[in-house]
Amino acid sequence: MLKKIKTCFSVIWAVLMGMATPLWIAIIYMDITGHAKGYGYDLGDEKDISIMMGVFELLVWIAAVCPVLVSLCRKLYSKDKRLCLLPVLGFVIIGAVIIVIIGWNEYLKCFGVV
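Residues numbered from 1 in each chain as written. Predicted model: local features only at pLDDT ≥ 70, side-chain atom pairs only at ≥ 80, totals over all residues. Heavy atoms only, no water.

Colleague: Sorry if this is basic, but what is going on with the overall build of the protein here?
Modeller: Summing up its helical and strand segments, the protein has 4 helices and 0 strands in all. From first element to last, N terminus to C terminus, the protein shows the α and β order α-α-α-α. The C-alpha radius of gyration of the protein comes to 17 Å, more than 25% above the 13 Å expected for a compact globule of 114 residues. Each principal axis of the C-alpha distribution contributes one length, and for the protein these read about 55 × 30 × 20 Å. Burial status across the protein gives 28% buried among its 114 residues. (Helix = DSSP H or I, 4+ residues; strand = E, 2+ residues; numbered from the N terminus. Rg over C-alpha atoms; globule rule 2.2 N^0.38 Å. Buried < 20%, exposed > 50% of the residue type's maximum accessible area, 1.4 Å probe, protein only.)

Structure below.
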């Protein structure tokens, strides 16, 4: 029973992280490239702090996403080898749905493309 509860929480966490990942990646990108306050603003001396915050945010994102996805992949691999990548695929699909909801052009604005 405890394993089922742990699996349920892992799935919920993976779904929530899949939903947050597109925005989180955009924020990390803006911080690492030194555009934390937007592309029309020059951070000047604050650029170093922005880059360090971006690296810290990236490490937090990796720590929040990877263990759960690895755990779910292992669990499904033990049941059937073909299901191994299902959690990663679901994670990517959830992220893509969030990008579609936001709008592709609005999402690309975070990266300074559009």
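There is more to say, and it comes next.
Colleague: Just to check I follow, could you spell out the nonpolar core for this structure?
Modeller: One recurring pattern in soluble globular proteins: nonpolar side chains tend to sit buried together. In terms of nonpolar packing, the biggest core is built from 10 residues, these being Ala 14, Met 17, Ile 28, Trp 61, Ala 64, Val 65, Val 68, Leu 69, Leu 72 and Phe 91. Sorting the residues of this core by element identifies α1 (2–32) and α2 (47–79) as the ones contributing at least two each. In terms of residues, this core owes the most to one element, α2, which gives 6 residues. In this structure Met 17 touches Trp 24, Ala 64, Val 65 and Phe 91, once residues within four positions along its chain are discounted. (Core = buried A, V, L, I, M, F, W, Y, C linked by side-chain atoms within 4.5 Å. Contact = heavy atoms within 4.5 Å.)

Colleague: In this structure, what is going on with the packing of α1 against helix α3 (residues 86–102)? I would like to understand it.
Modeller: If you want to describe how two helices pack, look at the angle between their axes and the distance between the axes. Across the interface, α1 lies against α3 with an axial gap of 8 Å and an inter-helix angle of 45°. Between α1 and α3, the interaxial angle falls into the category oblique. For α1 against α3, the interelement crossing comes out right-handed. Packed against α1, whose contacting residues are Ala 14, Val 15, Met 17, Gly 18, Met 19, Thr 21, Pro 22 and Leu 23, the element α3 presents Phe 91, Ile 94, Gly 95, Ile 98, Ile 99 and Ile 102 at the interface. Grouping the constituent residues of the contact of α1 with α3 by class yields 11 nonpolar, 3 polar and no charged. (Axes fitted to C-alpha atoms, helices over the stretch in contact; angles between N-to-C directions. Parallel < 35°, antiparallel > 145°, perpendicular 65-115°, else oblique. Left-handed = near helix turned anticlockwise from the far one by under 90°. Nonpolar A, V, L, I, M, F, W, Y, C, P; charged D, E, K, R; others polar.)

Colleague: Is there a simple way to explain α2 in this structure?
Modeller: When the terminal C-alpha atoms of α2 are compared, their 48 Å separation across 33 residues agrees well with the 48 Å that a helix rising 1.5 Å per residue should span. Turning to α2, its buried residues number three or more, namely Ser 50, Gly 54, Glu 57, Trp 61, Ala 64, Val 65, Val 68, Leu 69, Leu 72 and Cys 73. Looking at the packing, one finds that the buried side of α2 touches α1 and α3. (Expected span 1.5 Å × (residues − 1).)

Colleague: It is not clear to me how the packing of α1 against α2 should be interpreted in this structure. Could you clarify?
Modeller: Interaxial distance between α1 and α2 falls to 9 Å at its minimum, and their mutual angle equals 150°. Classed by the angle they form, the pair α1 and α2 counts as roughly antiparallel. Taken as a pair, α1 and α2 cross one another with a handedness that is left-handed. Per-class residue counts for the contact of α1 with α2 are 20 nonpolar, 5 polar and 4 charged.

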